[in-house]
Every structure is written in structure tokens, then in C-alpha cells.
Amino acid sequence: MEILEKAPAKLNFSLDTPFRHADGNHEWQMVMIAIDLADYVQVRTIPTSKQITVLTDSGFLPCDRRNLAYQAALKLQQDYQVDQGVEIIIKKNIPVAAGMGGGASDAAAVLRALNQAWNLNLSKAKLAQIGLEIDSDVPFCVYSEPALVTGKGELINPLGDFPSLWIIVAKPKASVSTPTILKQIDYSNLAHLDVTGLVSALKKQDYAQITAKMGNVLEPITSKKHPDILRIKTKMLKFGADAAQMSGSGPTVFGITQKYSRAQHIYNSLRGFCDEVYLVRPLSATSKKEGS
């Protein structure tokens, strides 16, 4: 059987961590969305072999056990004693090591595809639980819809439709190691965010409050080592974004606006400073161009 899955990138509209668990994992409070920038993952089951192979058009990705999509296939194969192999072909569009969950989304796409191909009949919540053992972003990527994400990343509370807006995404040349950033968190000096306030603003579709409540507690940590993050953020705001911040552990920065013409202006202005710039929408927003 052959299945093609879309693997959307994610952005953090809010990222906070209240504490670190005794096992070293972090407790998260995040508002996450999926956007219409996506990888495409083709999954083909092989009845004659148990081998797992990963092929990709990106020279930056490992195709062995280090690849999260490989790990997802192996986990389902072992956990459910499946006597079939898998060929996974990943067409990359999401920047690598960007804080946009590309690898996690590819892994989630494999979980969804093999759940169907192997007739496992697992719920999204169960796939999210399995995904947590691969990477903390995989549970959200299983759902790929606006959600409040808590626990160690496995508790996904969908928030319904996201306000209609435009998002300008810019990735500086730097690549960031998430584990390195997470080790530097000093909980005694962390300025926590009003995540509940952001969720409330989203439910009321209160755009002014959404922009006021956005934030990322990892931004000061990553931007200390990569000053381009703050440079791009400053330029986004100068060019007309209503809010701008880093996503995940970085280095990607995104800005938001409700007006298409302003979004285009920000996008065009940033392309002089940054090679990788994208103009996207939240997946739940309508595709109609708004504003002028």
C-alpha cells in the first residue's frame, strides 16, 4: 500500500515552560499552529521484507536511525509486531533545524500513514502518546491544528478555527540545537507568559489581545548566541508586523498581520536580509486574500 501524507510546519504563538520534571524533561505550556508550508511524505509498505528505508531530496537530513520518520516507522513496527517493511520518501520544503518541527511533522505523517496502512486503528491521542517517545513536537504534529499543548508535549487540546491572518516566516542562516538551548534554561529567572490569556483571546478572536499575549521564553536564550534573530524581529516590526517572535528553540522568526498588502511588503523587504523567507497562512484560516 502507498499513502501520501502532508506534513505541515508548526509555529509557536506562545512557548512557556513552568518547570523541569525530575526525569529531566520539561513541562510545557504552548499555543501551536500548523501553517501551509509543508513537507510531503510518501509511505509504501513492503510485505516481503521488514526493512525500513528513508529517502529524501535534502542533503541535510540523515536517512538512518537518526531520522525521526525512520524512528516512527520502527516504533510502530516493533510495538505492534508488524511483519512488513516500509519505504519512506520525504520531499522537504520546511527548513531543517529551524524550530518549525519539520522532522517531527515527517514522523507524525509516518505514524498517520502506517496507522492506516497497517490497520492499527489507533486514535490520535494514542498516536500522540507514541510520538512523544520520538520527539516532544510529534504529538502536536499528529493533530496539526491550532492547539494548547501541555504536559511533556503529549497533551493536545485543539482550539478550533484560528483567526484569519498572514504570517511572514524568516529563517536566518544559523542552525540551532534544541537540547543545547534547553540546558540553558534558568527557571529562577524565567519571565513566564500568560498562556491562558492567549487561549482566551484566540477563542474570542480578539486580535489586539492575541498580539499582546504572544511570546517565547526561549527567545532571549537563543538570540544571545544568534543576534540575527533580534535583527530580523526588529525589521519585521519596522516593516509593519503587528507582532513578531522566534518559533520553538529558533532560529526562525515570524511576524503576523491581518492585511495581505502589508504582509507582502514585509515579505519583499525581508528578502534582502534573509535567504529563506515565506509568506504563509495558518492551516485553519481561509485562503482568501484579505485587506488591501
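Quick caveat: nothing in here was measured; it's all calculated off a predicted structure.

Cut-offs and rules
- Residues numbered from 1 in each chain as written.
- Predicted model: local features only at pLDDT ≥ 70, side-chain atom pairs only at ≥ 80, totals over all residues.
- Heavy atoms only, no water.
- Pairing = 2+ DSSP bridges.
- Helix = DSSP H or I, 4+ residues; strand = E, 2+ residues; numbered from the N terminus.
- Axes fitted to C-alpha atoms, helices over the stretch in contact; angles between N-to-C directions.
- Phe/Tyr/Trp six-rings, centres within 6.5 Å; stacked < 30°, edge-to-face > 60°.
- Buried < 20%, exposed > 50% of the residue type's maximum accessible area, 1.4 Å probe, protein only.
- Contact = heavy atoms within 4.5 Å.
- Polar contact = N/O pair within 3.5 Å; in protein donor to acceptor, adjacent residues only side chain to side chain.
- UniProt positions renumbered as here; feature names shortened; annotations may be inferred.
- Parallel < 35°, antiparallel > 145°, perpendicular 65-115°, else oblique.
- Left-handed = near helix turned anticlockwise from the far one by under 90°.
- Nonpolar A, V, L, I, M, F, W, Y, C, P; charged D, E, K, R; others polar.

Bringing the sheet that holds strand β10 (residues 253–257) into the picture now. Pairing is antiparallel across the open sheet formed by four strands, whose spatial order is β9-β10-β7-β11. Of all strands in the sheet, those with a lone pairing partner are β9 (243–246) and β11 (276–280), marking the two edges. Taking the axes of each pair of neighbouring strands and ignoring which way they run, one obtains an average angle of 15° across the sheet. Inspection of the sheet shows strand β7 (residues 166–171) paired to β10 by five bridges, in the antiparallel sense.

Applying the stated criterion across every chain yields a total of four aromatic pairs. Relative to F254, the ring of F13 lies with its centre 5.2 Å away and its plane at 35°, an arrangement referred to as tilted. One end of the pair, F13, is in strand β1 (residues 2–16); the other, F254, is in strand β10, and 241 residues separate them in sequence. When its relative accessible area of 0% is taken as the criterion, F13 is described as buried. A connected cluster of aromatic rings, assembled from ring pairs, spans F13, F162 and F254.

Take the environment of H21 next. Of note, H21 is situated in the loop between β1 and β2 (28–46). Apart from the residues within four sequence positions on either side, H21 is in contact with H26, E27 and K152. Side-chain polar atoms of H21 contact the side chain of E27, separated by 2.7 Å.

To continue, consider the side chain of T222. With respect to the element layout, T222 can be found in helix α8 (residues 219–225). Residue classification places T222 among the buried positions, given a relative accessible area of 0%. Ignoring any residue separated from it by four or fewer positions in sequence, one finds T222 in contact with V176, I181, I229, M246 and S249.

Moving on to the UniProt feature "active site" (unreviewed entry) in the chain. The residues that UniProt annotates with the feature "active site" (unreviewed entry) are K10 and D137. For the residues just named, distributed over 128 residues, the greatest C-alpha separation is only 8.9 Å, placing them together at one site. You can call K10 buried: its relative accessible area is 2%. Here K10 is in contact with M32, I33, A34, G99, M100, G101, D137, F140, S247 and G248, once residues within four sequence places are set aside. Separated by 2.6 Å, the side chains of K10 and N12 make a polar contact. For D137, the location among the structural elements is in the loop between α3 (124–132) and α4 (138–143). D137 gets classed as buried once you look at its relative accessible area, which sits at 17%. If near-sequence neighbours (up to four positions away) are discounted, D137 is found in contact with K10, M32, G101 and A104.

Here we come to the packing of helix α1 (residues 68–79) against helix α2 (residues 102–117). Viewed as axis vectors pointing N to C, α1 and α2 meet at an angle of 30°, and their least axial separation amounts to 7 Å. In this view, α1 runs roughly parallel relative to α2, as classed from their interaxial angle. The element α1 and its partner α2 pack so that their crossing is right-handed. For the pair α1 and α2, contact is made by L68, A69, A72, A73 and L76 and by G103, A104, D106, A107, V110, L111, L114 and N115, respectively. When its residues are assigned to classes, the contact of α1 with α2 shows 10 nonpolar, two polar and one charged.

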